[in-house]
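Breakdown of the fold
Residues per chain, in single letters:
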Amino acid sequence: MALSRGNLESLGKDNGEGETGSHTSRCCPTMSLPALFRLPSRVHRGYDRRMPSMVPPFTATQAAVLKNFLASPQRPTGTLTYPQLAGFLFSLANGPELIPPSEWIPMVFDDHDAGYDTQAEAEQVLQAMMALYNDCARQYFADRPTLPPGCDIRPDPLDNLEPDAPLSHWAQGFGMGHDYLVEYWDEFTPEELDEALGAALMTLTFFSSASLARAYHEEGKAGTSLAQLAGTVLDIFHDALGEYAHLGRAIYQGRCEAGDLSPAPTTGRKVGRNDPCPCGSGSKFKKCCGAT
């Protein structure tokens, strides 16, 4: 379903206070919706749509590995769930700044030791996380972006607001990732695209919690029920994935062209290929994050 005036105007506005979350109020304070949500064609330049064929796909087996590992009681308090990780990585992989694995992997475990039982387990989990990251980055190129295996959308729109709903967890993780890069979004998003970003944020964070969904509904004043609004959000959800990815990649590409950054991330200390990987896996860098 294409994003258009009819199915976007019902989404409402951000109330700018608490309930809607910092990922909306800080980045797009007014959050009024655009008549047309399509980004100008100029933001799509600079990418080769053949690139994803070179990257192995993320599999259901890898999704199960991550789901089971992250849900284990051996993990530290604050560890992301698998759907939260998927949302978190989608926002990082498609944001206006490139974040290296050595920076975001510790955040998955709330900056605590992940508690790998064996070296083999560490390698298996880290490889699955990198495959998930690559799958999130691949969504930029998709004609219709999708969520990874295990992040199922429930048929009844309101059921996706339940605390255990995978889509709700995905939206929570997405909001965390956007918040992490919000300073870059604030600084580099062109004013004329603020509304497009705001609409994407409202759509992708809608299912984070029932309170947030109610806040959007109350502010929208569109004469529809919460269930109808939730259904509309689901109808345009996949389009919003694509628009967010296009906008984030366009900003990053523009910064590269302007010489604002290097296409490759930099760190304070060069890590040797035989040094321990800074992500904490215990593997050598060349066999861990350096291999990706």
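Above this text sits the structure in question.
Overview of the structure.

This paragraph deals with the environment of Thr203. Take Thr203: it is sitting in helix 9 (residues 194-205). Residue Thr203 is classed as buried on the basis of its relative accessible area of 0%. Separated by 36 residues in the primary sequence, Thr203 and Asp239 place their C-alpha atoms 9.5 Å from one another.

For the pair helix 3 (residues 60-71) and helix 6 (residues 119-138), interaxial distance at closest approach is 9 Å and the crossing angle is 115°. The handedness of the crossing between helix 3 and helix 6 comes out as left-handed. Counting all contacts with helix 3, which are made through Gln62, Val65, Leu66 and Phe69, the residues of helix 6 involved are Glu121, Gln124, Val125, Gln127, Ala128, Met129, Ala131 and Leu132. Residues that form the contact of helix 3 with helix 6 fall into these classes: eight nonpolar, three polar and one charged.

In this section: the packing of aromatic side chains. Scanning the entire structure with this criterion turns up 14 aromatic pairs. Taking the centre distance of 5.5 Å and the plane angle of 70° together, the rings of Trp170 and Phe237 count as edge-to-face. Of this pair, Trp170 sits in helix 7 (residues 166-180) while Phe237 sits in helix 11 (residues 226-257), placing them 67 residues apart in sequence. Side by side, Trp170 and Phe237 carry an identical accessibility label, which is buried. In textbook terms, an aromatic cluster arises when at least three aromatic residues are bridged by ring pairs, as seen for Phe90, Trp170, Phe174, Trp185, Phe237 and Tyr244. A cation sits over an aromatic face here: Arg255 above Phe188, 4.2 Å from the ring centre.

Once that is clear, we can look at the pattern of salt bridges. Inspection of every chain in the model, using the stated rule, returns three salt bridges. Between Arg255 and Glu97 there is a salt bridge, with its nearest N and O atoms 2.7 Å apart. Of this pair, Arg255 sits in helix 11 while Glu97 sits in the loop between helix 4 (82-93) and helix 5 (101-108); the two residues are 158 residues apart in sequence, bridging distant segments of the chain. As far as burial versus exposure is concerned, Arg255 and Glu97 are alike and both buried. Between Asp164 and Arg154 there is a salt bridge; the shortest N-O distance is 3.4 Å. In this pair, Asp164 is assigned in the loop between helix 6 and helix 7 and Arg154 in the loop between helix 6 and helix 7, connecting sequence segments ten residues apart. Residue Asp164 is classed as exposed on the basis of its relative accessible area of 55%. In this structure Arg154 comes out as partly exposed when scored by relative accessible area, which is 25%.

So, how was this worked out
Residues numbered from 1 in each chain as written. Predicted model: local features only at pLDDT ≥ 70, side-chain atom pairs only at ≥ 80, totals over all residues. Heavy atoms only, no water. Helix = DSSP H or I, 4+ residues; strand = E, 2+ residues; numbered from the N terminus. Buried < 20%, exposed > 50% of the residue type's maximum accessible area, 1.4 Å probe, protein only. Axes fitted to C-alpha atoms, helices over the stretch in contact; angles between N-to-C directions. Left-handed = near helix turned anticlockwise from the far one by under 90°. Contact = heavy atoms within 4.5 Å. Nonpolar A, V, L, I, M, F, W, Y, C, P; charged D, E, K, R; others polar. Phe/Tyr/Trp six-rings, centres within 6.5 Å; stacked < 30°, edge-to-face > 60°. Lys NZ or Arg CZ within 6 Å of the ring centre and 35° of its normal. Salt bridge = Lys/Arg side-chain N within 4 Å of Asp/Glu carboxyl O.

No statement about biological role is implied by the geometric values presented.
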